[in-house]
Amino acid sequence: MKFALVPAAGSGSRMGTSIPKQYAMLCGEPMIRHSIETLCGFSAISRVYVVLAENDVRWKEYDWSAFGDRLVALNCGGKTRLNSVMNGLRAMDAGDDDWVLVHDAARPCIDHESLQRLIEGTENEAIGGILALPVADTLKREDGKGRIAETVPRAKLWQAQTPQMFRKGRLLDALSKAPADQTDEAGAMEALGYSPRLILGDPGNFKVTYPGDMMLAEMILKGRMGK
Ligand code: CTP
Ligand code: MG
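The sections below set out a description of the structure shown in this document.

About the criteria used
Residues numbered from 1 in each chain as written. Chains lettered and ligands numbered in written order. Predicted model: local features only at pLDDT ≥ 70, side-chain atom pairs only at ≥ 80, totals over all residues. Heavy atoms only, no water. Near = heavy atom within 4 Å. Polar contact = N/O pair within 3.5 Å; in protein donor to acceptor, adjacent residues only side chain to side chain. Areas by Shrake-Rupley, 256 points an atom, 1.4 Å probe, with all protein chains shown as cover. Phe/Tyr/Trp six-rings, centres within 6.5 Å; stacked < 30°, edge-to-face > 60°. Buried < 20%, exposed > 50% of the residue type's maximum accessible area, 1.4 Å probe, protein only. Helix = DSSP H or I, 4+ residues; strand = E, 2+ residues; numbered from the N terminus. Contact = heavy atoms within 4.5 Å. Salt bridge = Lys/Arg side-chain N within 4 Å of Asp/Glu carboxyl O. Axes fitted to C-alpha atoms, helices over the stretch in contact; angles between N-to-C directions. Parallel < 35°, antiparallel > 145°, perpendicular 65-115°, else oblique. Left-handed = near helix turned anticlockwise from the far one by under 90°. Nonpolar A, V, L, I, M, F, W, Y, C, P; charged D, E, K, R; others polar.

**Details of the site of ligand 1**
In the vicinity of ligand 1 lie 19 residues, with Gly-12, Ser-13, Lys-21, Ser-84 and Lys-207 positioned nearest. One nitrogen or oxygen atom from the main chain of Gly-12 is found 2.7 Å from an oxygen atom belonging to ligand 1. Contacts to ligand 1 include Lys-207, whose side-chain N or O atom sits 2.7 Å from an oxygen atom. Coverage of ligand 1 by the protein amounts to 88% of the 560 Å² it exposes when considered alone.

**Here's the deal with the packing of aromatic side chains**
Taken as a whole and judged by the stated rule, the model has five aromatic pairs. Centroid distance Trp-59 to Trp-64: 3.9 Å. Interplanar angle 10°. Geometry classified as stacked. Neither Trp-59 nor Trp-64 differs from the other in exposure class; each is buried. Taking the centre distance of 6.4 Å and the plane angle of 35° together, the rings of Trp-64 and Phe-67 count as tilted. For the pair formed by Trp-64 and Phe-67, the shared burial category is buried. Of the aromatic side chains, those joined through ring pairs into one cluster are Tyr-23, Trp-59, Tyr-62, Trp-64 and Phe-67.

**Let's talk about the side chain of Arg-33**
For Arg-33, the location among the structural elements is in helix H1 (residues 31-40). Those residues in contact with Arg-33 that sit more than four places away from it in its chain are Asp-63, Trp-64, Ala-66 and Phe-67.

**A look at H1**
Among the ten residues that make up H1, nine are buried, leaving the element largely enclosed by the rest of the structure. All of the buried residues in H1 are Met-31, Ile-32, Arg-33, His-34, Ser-35, Ile-36, Thr-38, Leu-39 and Cys-40.

**Looking at the environment of Arg-107**
Inspection of the secondary structure assignment puts Arg-107 in the loop between strand E6 (99-102) and helix H3 (112-122). Taking C-alpha positions, Arg-107 is 19 Å from Gly-187, a pair spaced 80 residues apart along the chain. Contact partners of Arg-107, with chain neighbours within four places excluded, come to Ser-35, Ala-160, Gln-161, Thr-162, Asn-205, Phe-206 and Lys-207.

**Description of the pattern of salt bridges**
All chains considered together, the criterion is met by nine salt bridges. Asp-104 is the partner of Arg-107 in a salt bridge, and the nearest nitrogen-oxygen pair spans 3.1 Å. Exposure remark for Arg-107: the relative accessible area of 8% places this residue in the buried category. For Asp-173, the salt bridge goes to Lys-177, with nearest N and O atoms at 3.0 Å. Of this pair, Asp-173 and Lys-177 both sit in helix H4 (residues 168-177), separated by four residues, roughly a single helical turn. Residue class for Asp-173 comes out partly exposed when judged on its relative accessible area of 33%. Lys-177 sits in the exposed class, given a relative accessible area of 53%.

**A closer look at the packing of helix H2 (residues 81-91) against H4**
Packing of H2 against H4 brings their axes to within 10 Å, and their N-to-C directions diverge by 140°. As judged from the angle between their axes, H2 and H4 are oblique. Two packed elements cross with a definite hand, and for H2 against H4 that hand is left-handed. Taken together, the residues of H4 that come into contact with H2 (itself represented by Leu-82, Val-85, Met-86, Leu-89 and Arg-90) are Lys-168, Leu-171, Leu-172, Leu-175 and Ser-176. Broken down by class, the residue content of the contact of H2 with H4 amounts to seven nonpolar, one polar and two charged.

Below you can see the structure in the form of structure tokens.
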């Protein structure tokens, strides 16, 4: 079976707003609802688990009944994203060999085509895979004083996105051994010597991080609604 796990327990500090960004309104809905709709509406995924902060007060302000028992909210967020994911993996009802697609609530523009590519490209892999994009821009490393120290060759460089898809048991094991500065699931697997598959993502599936990102996400979502 395949499940989605959506970490949504962050505070959105880089957005600089008082409400956590997963609840910022985007096309008339809280941001988190867009990924939930896409994930719950994808039949290969049996259930979607959302990890909320323990002190979350906003989830209950909305009506989630349209998703029935395909959607389960867990109030077990942790201090870091990886803690939230680990707590969610422990709390969800899934077997060690089931696949888990971990997807940021802050990536509201995930689409079915990308999910299909990820699943097709990963389900026969021994370890797992992630959506990612080959780096298009020229990369510069800073010297620490605001000037360029060097140009970093972009060949073979990819930007990691989510979902990141791994088997539950092995992922939990990797995350519990991960160094504290690890930010994604794939990184924890790499630290154990595994090489997850890279699956071509979509530029629209970017992570809303700064205030200016909201407008771009709105444009992408509105463009799709108009189709
Ligand atoms: N997240 C989480 N638990 C945390 C921190 C983050 O579940 N302790 C979630 C966020 O809610 C988000 C995803 O992980 O959906 C990606 O994290 P990020 O974009 O960094 O969100 P925030 O941590 O909320 O933002 P910031 O880093 O700007 O504070
Ligand atoms: Mg963060």
